[in-house]
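# Examining the three-dimensional arrangement
As a plain string of letters, each chain reads:
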Amino acid sequence: MKEVVVSGIRSTGNLHLGNYYGALSKFVKMQEDYDCLFFIADLHALTTHPDPRILHSNVQDILAEYLASGIDPEKATIFVQSDVPEVSELYLLLNMHVGIGELMRTASFKDKARKQLGIKTGNEKDDDEDIERQIIGTNSNKRVNAGLLTYPTLMAVDILIQKAQKVPVGKDQEQHLELTRRFARRFNSFYGVDLFPEPTNFNFGDHAVKVPGLDGSGKMGKSEGNCIYLVDDEKTLRKKVMRAVTDQGPTEPNQPISQPVENLLTLMELTSTADVVEHYRKAYADCSIRYGDMKKQLAEDILKITTPIRERYLEIRNNDVYISKVVKEGAERARERAAKTLHEVREIMGIRKFY
Ligand code: TRP
């Protein structure tokens, strides 16, 4: 039997090159050898209150991007989280075994709570006390929604309801995966059963790819405004790359490469051939580098990757009938296992039907 793999992406806007190299391209490889379930986490998206008028079209966008990137519904199960109501029920049941404290200590919760409360990031200990006071203080009129607090429970359910062994996620999700293992262990030992396997992160043996943004600083991220989107048209994409941050240019031979330029070289390593990268590294070392040329080349090479994806995306995005068929079949498959696990959990917890 193939090992079960589960992963999801929150539906909060278009996917970028970081999502592609960090997640999608791996999913495409994994679907060959594993029993994969990939889904759009629309319930998770609700924790940050997206505009209801665009939530559904966001889900469609990401579905089309999944399919355009090469995830094949014949090989993998593709579905929408909210199409599997068993997830919501197990979320309620599992929450009975989850501590408020462990949820409040989660880094992602503290981060988002801080933002919702308008606490400026500063000293971490003071921030923690501030969060607690503002959330549970009697004269607090601010509110952090409970869905945000129980985000890790919902994520654990996505994984455990399918009894997944492998979960390909980035570093920012490691803590959630750790909690998932803990919840699985706790449930198994509380009821003296061996129901849930403990899932581990999936790595392709290589170091995790970190895709940098175009602003010369950290990694590519939706909220950083430094992204190349898979569906950017040619003109937009070229413009973004040509405007990417560099440095003043090397002034003496063999000086260390500055962060912004290293970032562009990293993007090149992902999208160009090895000799191209080598050429520009040498050009930096002997001070002959011309950033205009380098960026033109980089834009060209990125377009080679994104253009076919974009073309397929446009085609699929306009084919509602096809998208509906894919998610309907996906939901059926996902629900089959989910219902089985939910039934087992209800039995174990002593919830039985009279009729
Ligand atoms: N929390 C994940 C993220 O923000 C998305 C997610 C939800 C997920 N449920 C999951 C990832 C289950 C893997 C498995 O990226």
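In this report, the structure presented in the accompanying data block is examined. (Residues numbered from 1 in each chain as written. Predicted model: local features only at pLDDT ≥ 70, side-chain atom pairs only at ≥ 80, totals over all residues. Heavy atoms only, no water.)

This brings us to the environment of Leu-177. The topology assignment puts Leu-177 in helix H10 (residues 174–191). Through-space distance from the C-alpha of Leu-177 to that of Gln-134 is 28 Å; in sequence the pair is 43 residues apart. Those residues in contact with Leu-177 that sit more than four places away from it in its chain are Ile-159, Val-167, Val-169, Pro-199, Thr-200 and Asn-201. (Helix = DSSP H or I, 4+ residues; strand = E, 2+ residues; numbered from the N terminus. Contact = heavy atoms within 4.5 Å.)

What follows deals with the pairing of strand S2 (residues 35–41). When you tally the buried positions in S2, you get six out of seven residues, the bulk of the element. Taken together, the seven bridges between strand S1 (residues 4–10) and S2 define a ladder with parallel strand orientation. Across the sheet, the residue bridging to Ser-7 is Phe-38, located in S2. Traced from S1 through helix H1 (residues 17–33) to S2, the parallel crossover comes out right-handed. Bridging between S2 and strand S3 (residues 77–80) involves four bridges; their strand directions are parallel. The partner of Phe-38 across the bridge, within S3, is Ile-78. (Buried < 20%, exposed > 50% of the residue type's maximum accessible area, 1.4 Å probe, protein only. Pairing = 2+ DSSP bridges. Right-handed = clockwise from strand over helix to strand, strands pointing away.)

With that settled, the discussion passes to helix H4 (residues 85–95). Inspection of H4 places Glu-86, Val-87, Leu-90, Leu-93 and Leu-94 among the buried residues, and these make up the whole buried set. Looking down the long axis of H4, one finds its buried residues gathered within 125° of arc, a one-sided arrangement. (Arc of directions from axis to C-beta.)

Let us look at the site of the ligand. As a structural note, the neighbourhood of the ligand is formed by 13 residues, with His-44, Tyr-151, Met-155, Asp-158 and Gln-173 the closest of them. Within the side chain of Asp-158, a nitrogen or oxygen atom sits 2.7 Å from a nitrogen atom of the ligand. Those elements that place two or more of their residues in the shell around the ligand are S1, S2 and helix H9 (151–160). With four residues, the single largest contributor to the shell around the ligand is H9. Of the residues assigned to the shell around the ligand, the class counts are seven nonpolar, four polar and two charged. (Near = heavy atom within 4 Å. Polar contact = N/O pair within 3.5 Å; in protein donor to acceptor, adjacent residues only side chain to side chain. Nonpolar A, V, L, I, M, F, W, Y, C, P; charged D, E, K, R; others polar.)

As for its placement among the helices and strands, Thr-341 is situated in helix H15 (residues 320–349). Residue classification places Thr-341 among the buried residues on the basis of a relative accessible area of 4%. A C-alpha to C-alpha distance of 47 Å links Thr-341 and Gly-216, two positions 125 residues apart in sequence. In this structure, Thr-341 is in contact with Leu-160, Ile-161, Lys-163 and Phe-196, ignoring residues within four places of it in sequence.

Here the focus is the packing of helix H12 (residues 259–271) against helix H13 (residues 274–285). Where H12 contacts H13, the two axes come as close as 9 Å, and the packing angle between them is 160°. By the angle class used here, H12 and H13 are roughly antiparallel. Considering the relative orientation of H12 and H13, their crossing is left-handed. The residues of H13 that touch H12, namely those facing Val-261, Glu-262, Leu-265, Met-268 and Glu-269, are Val-276, Val-277, Tyr-280, Arg-281 and Tyr-284. (Axes fitted to C-alpha atoms, helices over the stretch in contact; angles between N-to-C directions. Parallel < 35°, antiparallel > 145°, perpendicular 65-115°, else oblique. Left-handed = near helix turned anticlockwise from the far one by under 90°.)

Turning our eyes to something else, we now look at the packing of aromatic side chains. To describe a pair of aromatic rings, you give the distance between the ring centres and the angle between the ring planes. If you walk through the whole model with that rule in mind, you get eight aromatic pairs. Linked through ring pairs, Phe-187, Phe-190, Tyr-191 and Phe-196 together constitute an aromatic cluster. Positioned above the aromatic ring of Tyr-151 is the side chain of Lys-112, whose terminal nitrogen or guanidinium carbon lies 5.7 Å from the ring centre. (Phe/Tyr/Trp six-rings, centres within 6.5 Å; stacked < 30°, edge-to-face > 60°. Lys NZ or Arg CZ within 6 Å of the ring centre and 35° of its normal.)

Let us look at the pattern of salt bridges. As enumerated under the stated definition, the model contains 27 salt bridges in all. Here Arg-186 and Glu-102 are joined by a salt bridge, their closest N and O atoms 2.6 Å apart. Remark: Glu-102 occurs in helix H5 (residues 100–104) and Arg-186 occurs in helix H10; sequence separation between them is 84 residues. With its nearest N and O atoms 3.3 Å apart, the salt bridge here joins Lys-304 to Asp-301. Of the two residues, Lys-304 and Asp-301 are both situated in helix H14 (residues 291–317); the distance of three residues between them amounts to about one turn of the helix. Here the residues in one salt-bridge network are Glu-32, Asp-72 and Lys-75, joined through shared partners. (Salt bridge = Lys/Arg side-chain N within 4 Å of Asp/Glu carboxyl O.)

Take H13 next. Since one α-helical turn is 3.6 residues long, residues separated by three or four positions face the same way. The end-to-end C-alpha distance of H13 is 17 Å, a good match for the 16 Å that 12 residues give at a rise of 1.5 Å each. Of all the residues in H13, the buried ones are Val-276, Val-277, Tyr-280, Ala-283 and Tyr-284. Take H13 and look down its axis: the buried residues cluster within an arc of 125°, on one side only. Residues of H13 that are exposed and angled more than 90 degrees away from the buried face: Ala-274, Asp-275 and Lys-282. Backbone geometry just downstream of H13 places Cys-287 in the positive-phi region, at approximately 65°. (Expected span 1.5 Å × (residues − 1).)

The geometry of H4 relative to H15 is characterised by a closest axis approach of 9 Å and an angle of 25° between their N-to-C directions. Between H4 and H15, the interaxial angle falls into the category roughly parallel. The interaxial crossing formed by H4 with H15 has left-handed handedness. Note on element contacts: H15 touches H4 through Arg-335, Ala-338, Ala-339, Leu-342, Val-345, Arg-346 and Met-349, opposite Pro-85, Glu-86, Glu-89, Leu-90 and Leu-93.

If you trace the backbone, Arg-133 turns up in helix H7 (residues 124–136). Of the residues examined, Arg-133 reaches a relative accessible area of 51% and is grouped as exposed. Sequence spacing of Arg-133 and Val-241 is 108 residues, and the spatial spacing of their C-alpha atoms is 45 Å.

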